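For reference, the chains in residue letters:
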Amino acid sequence: MSQDKEAILDQLNSIFQDTFTEDNYSFSINTTRDDIEEWDSLSHIRLLTAIEANFGVQFDLDEIGNMIDVSTIVDLLHAKLA
Amino acid sequence: MHDLPWLLAPSDDFNERCIQLGRHQTPVAEVHALAKYALSINQANRLYQAIGKLTAETRSLLSRSLTPFRLGIVSNATMDLMIPSIVISAIRNGIDIEVVSTDFGQVAQEAFDAGSKLNTARLDAVLIALDYHAYPFLADQLSTSGEVLPSDKAFDYLKQIRDSFKQSGGMICIAQTLAEPPYEFGGNFDAQLDGLLRKSLTEFNRALVDDIRSSVDVLFDVAALVNMVGACQWFDERQWYLSRVPMANVFVPLYAEYLTKLVAALRGKSKKCLVLDLDNTLWGGVVGDDGLEGIQIGQGNPVGESFLAIQQWAKTLKDLGVILTVCSKNDENIALEVFRKHSGMLLKENDFAVFVANWEDKATNIRFIAETLNIGLDAMVFVDDNPAEREIVRTMLPELTVPELPKDSSQFLRILCAGRFFEKIDFTEDDAQRNAQYLSNARRQEIQKTAATLEDYLASLEMYISFSPFNELGRKRIVQLINKTNQFNLTTRRYTETDVLQFENDQQYVTLQIELQDKFGDNGMISVVICKVHQDRWDIDTWLMSCRVIKRRVEEAVCDQLVALARKSGISKLRGFYRPTEKNGLVKEHYRQLGFDCICSDESEDIWDLAVEHYQMKNPPITVRKSSVIQ
C-alpha cells in the first residue's frame, strides 16, 4: 500500500472508532460491513457524514452504495484527494 | 450554524469521558456537562449509547433531574437517525424526552386510526415532521385553473391530520412549515404563478402560520431554519434518494436542538432574563479607560453600529417580555453616565430591571440579580465578550446559560439569535407588561426597607385581589403559568391548553384564576387553583403562584376564598397535596401554615386535610374586588 493510502487508512481508523461505538472489532484495510454488526444503513449515513467532513470531499450518489468495505473507501478517497 | 457555535466545542477527552461515564462519581452531573457541548451526530450517538449503559438507578436519577415529555413522531422521511441527537439535545434543554417513533410514511394511518400506536400512547405532543415531499406540490404544478390550489389541498390534508390527533389521541401537534428546495422553473415568475412550487409553499406556510396562531397546536418553523442556513446547504438529494433522510446530516444536531427548545418552551423552560456585560458587549471600548467620548456606539461608526444592532436586539426582547439586567465590572457612576449622556445609546437606564456595576466577581453579582428578581439561574442568559469571565461564571454557576462568542463583534448578533434562548410559544398581555412589573418590584423593595413592619408594608401596598373561574379570556395565561411555575407550585402538574379547556367545562372541577393589583400597577394573573370534586371533598389538584408576589399573604387570601366557596357548596373537607421537586421546597409547609393537617407523608407526596368548618379566616390586608365566583 502506498504512503498516501496508509495515511488515509490511519484517519479512517479514528473515524470508525468515532462512528461505531458498540462492537469490538479490529480495523484494517480488510474490514468489511460483515465484520461490524453496528454498520447498518443508519450508521452508514453517520459514517459518510464523518468521512466527508473530515476529508472535505463529497461522494457521488452511486459511490455511496458501494462503500461497503474499508478498501473501497480508501480507493475512493485516494482518487478524490489526488 | 450547523455546529451550534454558541455552545462550547467538546473537550478533547469527550470519547474517553463517555466510556468512563458509568464509573464517574456523579454520573448525572457528568451527563449534563457532556450534553452541554456542541455535539456532532456521532458524538451525540456515543453519549446516547453511554447513557443507555448506565444502571437503572442512575438513569432514574437522571430522569428526576429533568422534566418528562412524551413526543410522538410521524414523518414522510426517515427520522430514526435523529433520535440520539433529539434525546441529547433534550437533556441539554432540561427535558427527559421519550420519543415514540413510527415507520416512515405512516402519517395518515397513525392520525386517522383511533387505535393507532400514537393515538393510544398518551403522548404530550406529536411532531408532524413533513417536508415538501409529503405533498404533491411538484406533480400538481400544471393543474388547470379552477381546481383546488395545491397549497389549499396540502393545508387541508395537514389540518385533518392535526384535528384527528387532537380528537383521537388528545394531544397537541407540532406542525412544520415547509422549506423551499433550490428548484425553480420560470425564475422570478415562480413566486407569482398559482400552482408553481415556490408560490404554493409560500401560501401554504402563510395559511399554516395563521391557523396555528389561533389553535392549541405549535409551530416548528423549519422554513425559517432553512432560510437561516441556506437551502443548497440544507437539502442533500443524495440522502433523500438513498435513505429518505430529509436534510443533510450535518444539520441533524441543529434540527434536534431547535425541536427540543420548542418542547422545552412548552414546559416553561425558555429563558426569562438576559444579563448583559457592558464594555465590548453593549458598546465598543472600555468606558473606564476610554471615557464617555472614547467608546464606540451608534450610527456612523462601523464598530458602533455593530453594538447598536445588539442593543436593538435586546430592546426588542424586552418588548417581548424578557427581563433585561446589567452585570459589569465598572464604577456604577461611570457606567450609568453612558446611558444618561451618550447620544448613540439606544438602551436607557430604565430598560433594565436590575443594574449591577461594581468590582465584585460576576458570579456573586449574577446570584444577587437572580435573588432580586426571584428567578432561577437556569432562567438566565449571561452575555459577555470576555472568554475568561465566561469561563469563571460557567464554572461557578453551571445552571446559567453563557453563550460562546467570537472575537468579531459584527458576528455576535447572529450567534446570539441562533442560540434561540428565548423561544416563545405565545404572547400575552403579561409579557408586554413584564418589565414594568419588575421595575415596580424594585420600587416595592425600596418601600420594604422603610416600612416598620411587614404588616405595615403589606398594608401600604394597597393590594386588590380578584377571583374568577377559568374562562377563555384567561386561558392562554393559565396554560403559561401551569407550565412555567416551578417554585410556588404544590404539585407541578403540567397541562396543555386542551386540558385547561376541559377543566373549564367539566362540572367535576372547580377552577380559580387569580389577579392582583397594587398601588404600583397591575400584576395580572398571578395564581391558579384547580380542584377535583369528590362527594363532600375537594382535592386540590393544582395550586400555584407566580414568585413575583410571594411573601405578600396572597395565598392566605386564596385559601379564604377556597374555604368560602367550599362552604357555599356544602363541602366539608379540602385535601391538599405536596409533591416535592428540586424547585418547590418553598411550599413544603404551605398547607401546614394554612392550618391543614398532614394525614400521610412519603417520598413522593404529602397529603393534607382541612375540615372546612374549623378553618379560621386569615383576612390578610388584601381587598377582594369584583369576584365573579361568589356574588
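Parameters and conventions
Residues numbered from 1 in each chain as written. Chains lettered and ligands numbered in written order. Predicted model: local features only at pLDDT ≥ 70, side-chain atom pairs only at ≥ 80, totals over all residues. Pairing = 2+ DSSP bridges. Helix = DSSP H or I, 4+ residues; strand = E, 2+ residues; numbered from the N terminus. Axes fitted to C-alpha atoms, helices over the stretch in contact; angles between N-to-C directions. Contact = placed C-beta atoms within 7 Å. Nonpolar A, V, L, I, M, F, W, Y, C, P; charged D, E, K, R; others polar. pLDDT = per-residue confidence, 0-100. Expected span 1.5 Å × (residues − 1). Buried ≥ 20, exposed ≤ 12 C-beta atoms within 10 Å, placed from the backbone. Parallel < 35°, antiparallel > 145°, perpendicular 65-115°, else oblique. Left-handed = near helix turned anticlockwise from the far one by under 90°.

Asker: Explain the sheet that holds strand E4 (residues 172-176) of chain B to me, using residue names and the numbers behind them.
Answerer: Residues and elements named next belong to chain B. Read from one edge to the other, the open sheet built from five strands follows the order E2-E1-E3-E4-E5, with strand pairing classed as parallel. The open sheet terminates on both sides in strands that have one partner only, identified here as strand E2 (95-101) and strand E5 (218-220). In this sheet, adjacent strand axes meet at a mean angle of 30° when their direction is disregarded. The pairing of strand E1 (residues 67-75) with E2 spans seven bridges and is classified as parallel. The residue of E2 that forms the bridge with Pro 68 is Asp 96. Strand contacts of helix H7 (residues 150-169): strand E3 (125-129) and E4, with the helix running at about 160° to E4, the strand carrying the most contacts.

Asker: Please set out the interface of chain B and chain A residue by residue, giving values where relevant.
Answerer: The interface of chain B with chain A comprises 15 residues on the first partner and 13 residues on the second. Elements supplying a minimum of two residues to the side of chain B that touches chain A: helix H3 (41-52) and helix H11 (237-243) of chain B. Residue classes in the side of chain B that touches chain A are distributed as six nonpolar, six polar and three charged.

Asker: A description of the confidence of the model for chain A should follow, citing residues and the corresponding values.
Answerer: Low-pLDDT portions of the prediction should not be read for the details of their coordinates. With 99% of its residues at a pLDDT of 70 or more, chain A has an overall mean of 88. Across chain A, the element-wise mean pLDDT spans from 87 in helix H3 (residues 61-66) of chain A up to 92 in helix H4 (residues 70-81) of chain A.

Asker: Account for H3(B), with residues named and values stated.
Answerer: Spanning 12 residues, H3(B) covers 16 Å between terminal C-alpha atoms, matching the ideal 16 Å at 1.5 Å per step. The element H3(B) is largely enclosed, with a buried count of 10 among its 12 residues.

Asker: Before we move on, can you summarise the packing of helix H5 (residues 83-92) of chain B against helix H12 (residues 252-266) of chain B with the specific residues and values?
Answerer: Residues and elements named next belong to chain B. Running from amino to carboxyl end, H5 crosses H12 at an angle of 50°, the nearest separation of the two axes being 8 Å. With respect to H12, the element H5 is oriented oblique. In terms of crossing hand, the pair formed by H5 and H12 is right-handed. Taking contact as the criterion, the partners of Ser 85, Ile 86, Ser 89 and Ala 90 in H5 are, on H12, Val 252, Pro 253, Ala 256, Glu 257, Leu 259, Thr 260 and Val 263. Looking at side-chain class alone, the contact of H5 with H12 contains seven nonpolar, three polar and one charged residues.

Asker: Can you lay out the environment of B:Asp522 for me, pointing to particular residues and giving the numbers?
Answerer: All names here are of chain B. Position of Asp 522 relative to the elements: it lies in strand E12 (residues 521-534). The class for Asp 522 is partly exposed, based on 16 C-beta atoms found within 10 Å. When the C-alpha positions of Asp 522 and Ile 540 are compared, they lie 27 Å apart, and in sequence the two are 18 residues distant.

Asker: How would you summarise the packing of helix H2 (residues 41-55) of chain A against H3(B) if you had to cite specific residues and measurements?
Answerer: Contact geometry of H2(A) with H3(B) gives a least axis separation of 9 Å together with a crossing angle of 135°. The angle between H2(A) and H3(B) places the two elements in the oblique class. Facing A:Arg46, A:Thr49 and A:Ala50 of H2(A), the residues of H3(B) in contact are B:Ile41, B:Asn42 and B:Asn45. Of the residues that constitute the contact of H2(A) with H3(B), the class distribution is two nonpolar, three polar and one charged.

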